[in-house]
Amino acid sequence: MTKEIKALPVLALKDVVLFPQVISPIVLGRKKSLKALMAAEASESKHILLATQKEGDSEDPTSKDVYDIGVFAKILQIVQMPNNGYIILVDVIHKAKLK
């Protein structure tokens, strides 16, 4: 069964590939990543799309810099670090196609 969700925050991951049915920590620090995190946290569902970057050295990825298959996940926990970065714990629910 395919369900289309119109808009969710997208978080570009560097050198990480996640799979469904996995709970995983992710370290965040880039401004775009924090913006996506805050948008997801503000939503009632706490859902976010996670997509791996094609090249891990890009500090400002665009939609062309990430793979078009990612994962749909729910944010379980958010911890702010002393360096203003964050560690989030996500529950990966299923794969997703980004458009």
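Residues numbered from 1 in each chain as written. Predicted model: local features only at pLDDT ≥ 70, side-chain atom pairs only at ≥ 80, totals over all residues. Heavy atoms only, no water.

Peer 1: Is there a simple way to think about the nonpolar core in this case?
Peer 2: Buried together is how nonpolar side chains tend to be arranged in soluble globular proteins. Core analysis: the largest hydrophobic core is formed by 18 residues, its most contacted members being Leu18, Ile26, Leu28, Ile48, Leu50 and Val90. When residues of this core are traced back to their parent elements, those giving at least two are strand S1 (10-13), strand S2 (22-28), helix H1 (31-42), strand S3 (47-52), strand S4 (69-80) and strand S5 (86-97). Residues within four places of Leu18 in sequence aside, it is in contact with Leu13, Ser24, Ile26, Leu50, Val71, Val90 and Val92. Among the nonpolar cores identified, the runner-up in size contains seven residues, and Leu49, Ala51, Phe72 and Ala96 belong to it. (Core = buried A, V, L, I, M, F, W, Y, C linked by side-chain atoms within 4.5 Å. Buried < 20%, exposed > 50% of the residue type's maximum accessible area, 1.4 Å probe, protein only. Helix = DSSP H or I, 4+ residues; strand = E, 2+ residues; numbered from the N terminus. Contact = heavy atoms within 4.5 Å.)

Peer 1: Can you help me understand the side chain of Thr52 in this one?
Peer 2: Take Thr52: it is sitting in strand S3. A polar atom in the side chain of Thr52 sits 2.5 Å from the backbone oxygen of Val16. Setting aside residues no more than four positions away along its own chain, Thr52 makes contact with Leu13, Val16, Val17, Asp65, Val66 and Tyr67. (Polar contact = N/O pair within 3.5 Å; in protein donor to acceptor, adjacent residues only side chain to side chain.)

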